[in-house]
Amino acid sequence: MHSLLIVDDNEDVRSQLRWGLSKEGYDLHLAGDGEEAMALFRKHAPGVVTLDLGLPPDPEGTSEGFRLLSEMLKECPETQVIVITGHHDKKNALKAINSGAYDFCRKPVDLSEIKVLINRGFYLHSLRSENAKVLPVAAEGRTEDFMEGFIGTCSAMKEVYYSIRKVAATDVPVLVTGESGTGKELVARAIHARGLRKAASMVTINCGAIPENLLEAEFFGHEKGAFTGAISRVQGKVEYADKGTLFLDEIGDLPFNMQVKLLRFLQEMVFQRVGGRADILVNTRIIAATNVDLEEAMNAGRFREDLYYRIGVVSIHLPPLREREDDVLLLADMFLEQMSRENNVAVNGFTASARKAMLHYSWPGNVRELENKVRRAVIMAGGQRISAEDLNLDERAPQSSGQPANVTLKEARNAVEKEMVDAALKRFSGNIVQAAKSIGVSRPTFYDLLKKHDISV
Ligand SMILES: Nc1ncnc2c1ncn2[C@@H]1O[C@H](COP(=O)(O)OP(=O)(O)OP(=O)(O)O)[C@@H](O)[C@H]1O
């Protein structure tokens, strides 16, 4: 039987949880202070603990809660601790996760939400206990300055590798932020591949690429006859992500209506297929990515605050390529090697001026743009070495092609943006989906760019 310890100094809360969880079949233990909690912890070795941070002798603060959290994890690192925090206390929720808590729940505790967290906690506890080897984080210290699948040695990327290793060992939702083409999906894959759920799949939903009326069915599936054309029952992506990871790409583009449904699902991990009545329970880890500033979207009323707090407790920010020091050259060499092999073309590196141009260019499309430019250059290069011209870069100008030197970075970026949108439209004869894909942005973002630069299709 699963042993569960509840630590809360409020007698009413303890009674409510005792009552609410009595039918779940746990071996339930309740403590009102730190001393009692540690005694029960040592005696019953619970797989999951719910821990109110405000405990005597510091019921208004969090010091005793954090002390207990660290003592428990020191004695038994496999224990999954869910901390109970104040309603808007994102700071302490984040601190607790950083200190090794598995997840958090806000007051007043919602019974169905905590049940989901507890069940997931026991699931993770059994995975961890069965195979402690799946946790690479303890062995890989902060000194690891590289990560398989990634090229880059600048200090900002080392921070990213460190964060990936750290969050991979937990099950908390992670928000990956960064401009388009910086490697957000690569980060999501790295977290999944190093985490507890690596034996199951990572399922991706591109929230910006699916028409609004089809999104709910994409997430949750549909029953036969749910709408015209629904000729059979179809499972949604969420169902396929059971036991694994659900990667929500471009979450900033999720329509408001769907944000409400997603939040409801995230709180209880239960959903119904479109046109169905049965509740379906899944156990999945959420990783989301966005290239829009969600805090700004939240302030503008385009993104729900409660959803932001649910998905954004831990975030990993990817720096734009132009801020990664010499990494651009390492990446360019890697792409060159890979593409000359793939295309069976012998190319012997870049000219000095090509290297200079790559270092000076602002890379609005980031790593994806570099990859595309090198791919094109490998095919176009007449000689043994790739020149700035083959890369379509101007070796003289500090920014993009044709920009006078006295423009601001913002102006230069806008000009490049417009140039890329124009070129993509031309290349794909006005096909928005293909044009957006080719420059690495979502369809809604592409429409925003058309509007911003006053381009008509
Ligand atoms: N540090 C890196 N090392 C090697 N390859 C990288 C790195 N970062 C990104 N890439 C490659 O660049 C391309 C774009 O990366 P990815 O799709 O992960 O970006 P993204 O930020 O998710 O883009 P978008 O916001 O448009 O969805 C991929 O081919 C990826 O493998």
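Refer to the preceding data block for the structure.
I will try to describe carefully the structure that is included in this document.

Parameters and conventions
- Residues numbered from 1 in each chain as written.
- Predicted model: local features only at pLDDT ≥ 70, side-chain atom pairs only at ≥ 80, totals over all residues.
- Heavy atoms only, no water.
- Phe/Tyr/Trp six-rings, centres within 6.5 Å; stacked < 30°, edge-to-face > 60°.
- Lys NZ or Arg CZ within 6 Å of the ring centre and 35° of its normal.
- Near = heavy atom within 4 Å.
- Polar contact = N/O pair within 3.5 Å; in protein donor to acceptor, adjacent residues only side chain to side chain.
- Areas by Shrake-Rupley, 256 points an atom, 1.4 Å probe, with all protein chains shown as cover.
- Nonpolar A, V, L, I, M, F, W, Y, C, P; charged D, E, K, R; others polar.
- Domains from an automatic or database assignment.
- Salt bridge = Lys/Arg side-chain N within 4 Å of Asp/Glu carboxyl O.
- Helix = DSSP H or I, 4+ residues; strand = E, 2+ residues; numbered from the N terminus.
- Buried < 20%, exposed > 50% of the residue type's maximum accessible area, 1.4 Å probe, protein only.

**Regarding the packing of aromatic side chains**
The relation between two aromatic rings is expressed through the spacing of the ring centres and the mutual angle of the planes.
1) Next: Tallied over the entire structure, the rule returns 8 aromatic pairs.
2) Next: Residues Phe-265 and Phe-271 carry aromatic rings whose centres are separated by 6.0 Å and whose planes lie at 75° to one another, so their mutual orientation is edge-to-face.
3) Next: Taken together, the ring pairs in this structure connect Phe-219, Phe-220, Phe-265 and Phe-271 into an aromatic cluster.
4) Next: When the ring centre of Phe-66 is taken as reference, the NZ or CZ atom of Lys-95 above it lies at 4.2 Å.
5) Next: Looking at Arg-310, its charged tip hangs above the ring of Phe-104, at a distance of 5.2 Å from the centre.

**Remarks on the site of the ligand**
1) Next: What surrounds the ligand is a group of 20 residues, the closest being Ile-151, Ser-180, Lys-184, Glu-371 and Gly-440.
2) Next: A distance of 3.2 Å separates an oxygen atom of the ligand from a polar backbone atom of Thr-182.
3) Next: A distance of 3.1 Å is found between an oxygen atom of the ligand and a backbone nitrogen or oxygen belonging to Gly-183.
4) Next: Summarising the interface, the protein chains cover 87% of the accessible area of the ligand, which totals 640 Å² for the free molecule.
5) Next: Looking at the shell around the ligand residue by residue, the classes come out as 6 nonpolar, 7 polar and 7 charged.
6) Next: Formed jointly, the shell around the ligand draws a minimum of three residues from each of two domains, domain 2 (155-319) and domain 3 (322-452).

**Examining the pattern of salt bridges**
Where charged atoms from two side chains of opposite charge come close, those side chains can pair.
1) Next: Going through the model one piece at a time under the given rule, you end up with 25 salt bridges.
2) Next: Across the pair Asp-52 and Lys-107 runs a salt bridge whose closest N-O atoms are separated by 3.3 Å. Of this pair, Asp-52 sits in strand E3 (residues 48-52) while Lys-107 sits in the loop between strand E5 (103-106) and helix H5 (111-130), placing them 55 residues apart in sequence.
3) Next: Look at Asp-52 and you get buried, because its relative accessible area is 3%.
4) Next: Three or more residues are tied together by salt bridges with common partners; here these are Arg-42, Glu-64, Arg-67, Glu-71 and Glu-75.

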